[in-house]
Amino acid sequence: TVAYHLGHLLGGFLGVDVFFVLSGFLVTSLLLAEARGGRGVDLRSFWLARLRRLAPAVFVVVPTVLVGAWLVRWPSSRLDELAVDGAATLTWWQNWHQIVAGQSYWDPSPSPFRHAWSLAIEEQFYVLWPLAVTVLVAWTIRRSRSGTRTVGAVAGLLAVAGAGWHVALAHRIPVADLSRVYLGTDTRVVALLVGCALACSRWGVVGAPAAADGPSRALRGAAVLAGAALVVLGATVHVSDPDFFRAGGFVLVALLAAVVVAHQAAVVVVGDPSAPPVGPGVRVRRRRPPGVTVAAVLSWLGRRSYGIYLWS
């Protein structure tokens, strides 16, 4: 995604959807693991943890950008617009602010906070989805049913409905500017919900038989094909291509990403009791290979990816 913003990867914007799938998968897995522990979901702790993770960096970036724009003498009208953009970024509704204000995502001179639309959707998801999981789990437990299955069914149904709405809206809006479809929570939440549904499937549940012995040959093959397809799309798709919107391209990307995530989830389930948990019962081996490796570089980038995203 950073490479896309720097103009080096045509379809790098699809990285947002891949991240959304992974985020939905991890968050739902953690919530279900906590719910299955018998104490229910501690919403206050969940929300505070997300706030501590995301808010401090934003509270540095926004004032820094505003002061920088003032120092280089931006016109007062532009500074006023930037201040509103900054406030929307700090309060997690930047995507809807851009929609309501009529800002095109393809504006040749965009706001420095344009990219915060995806962070806003993520935060909106963090607020609403844990509430939904808590209610659904409590409702099903009273009826002696599996809360996991109920959460998965609801996530799947919402994903299907969201996908239909995404494609329908893309057909209703003039092709000249599909920013409303690109930025809307209601149209982009599909990827998050696909990840949520995956977390409730045989590849996401704690101790699932499908993951106990690692990925099957079929899953490995599907993951390779899905990964290759994502690479091709990332190199060829243009963000303003109306055909990609109208043909359900974003939905396809979410499904491809789900296959890759399912494979990786099966890979890390190795049952090493000495390894630190990284999810609901999921454990990974402690390996410290000597020297600089691809895994070490990716781990280094992963720990800093949020900051890189904010400043890019």
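Anything mentioned here points back to the structure above.
None of these values were measured; they are calculated from a predicted model.

Calculation notes
Residues numbered from 1 in each chain as written. Predicted model: local features only at pLDDT ≥ 70, side-chain atom pairs only at ≥ 80, totals over all residues. Heavy atoms only, no water. Core = buried A, V, L, I, M, F, W, Y, C linked by side-chain atoms within 4.5 Å. Buried < 20%, exposed > 50% of the residue type's maximum accessible area, 1.4 Å probe, protein only. Helix = DSSP H or I, 4+ residues; strand = E, 2+ residues; numbered from the N terminus. Contact = heavy atoms within 4.5 Å. Axes fitted to C-alpha atoms, helices over the stretch in contact; angles between N-to-C directions. Parallel < 35°, antiparallel > 145°, perpendicular 65-115°, else oblique. Nonpolar A, V, L, I, M, F, W, Y, C, P; charged D, E, K, R; others polar. Expected span 1.5 Å × (residues − 1). Arc of directions from axis to C-beta.

Visitor: Any details on the nonpolar core? Residues and values, ideally.
Guide: Ranked by internal contacts, the top residues of the largest apolar core, which has 77 residues, are Leu-119, Trp-129, Val-151 and Tyr-182. Take this core: its biggest share by element is 11 residues, from helix H13 (residues 249-268). Residues contacting Leu-119, with those up to four places away along its chain left out, are Leu-54, Val-58, Trp-92, Tyr-306, Tyr-309 and Leu-310.

Visitor: Requested: an account of the packing of helix H3 (residues 43-71) against helix H4 (residues 76-90), with residues and values cited.
Guide: H4 packs onto H3 with a crossing angle of 175° between their chain directions and a minimal axis gap of 10 Å. Our classification of the angle between H3 and H4 gives roughly antiparallel. For the pair formed by H3 and H4, the contact residues are Val-58, Phe-59, Val-62, Val-65, Leu-66, Ala-69 and Trp-70 on the first element and Leu-79, Leu-82, Ala-83, Gly-86, Thr-89 and Leu-90 on the second. For the contact of H3 with H4, a count of residues per class yields 11 nonpolar, 2 polar and no charged.

Visitor: If you had to explain H4 to someone new, which residues and values would you point to?
Guide: Given 3.6 residues to a turn, an α-helix orients residues that are three or four positions apart in the same direction. A rise of 1.5 Å per residue sets the reference length of H4, with its 15 residues, at 21 Å; its end C-alpha atoms lie 21 Å apart and thus fit the reference within 8%. Along H4, the positions that sit buried rather than exposed are Leu-79, Leu-82, Asp-85, Gly-86, Ala-88 and Thr-89. Buried-residue contacts for H4 involve H3 and helix H5 (94-100).

Visitor: Describe helix H11 (residues 217-236), and please don't skip the residues or the numbers.
Guide: For H11, which comprises 20 residues, the first-to-last C-alpha distance of 29 Å matches the rise-based estimate of 28 Å (1.5 Å per residue) to within 8%. Listed as buried for H11 are Leu-219, Ala-223, Ala-226, Leu-230, Leu-233 and Gly-234. Burial along H11 is one-sided: seen end-on, the buried residues are contained in an arc of 95°. Residues of H11 that are exposed and point over 90 degrees away from its buried face: Arg-217, Val-224, Leu-225 and Val-231.

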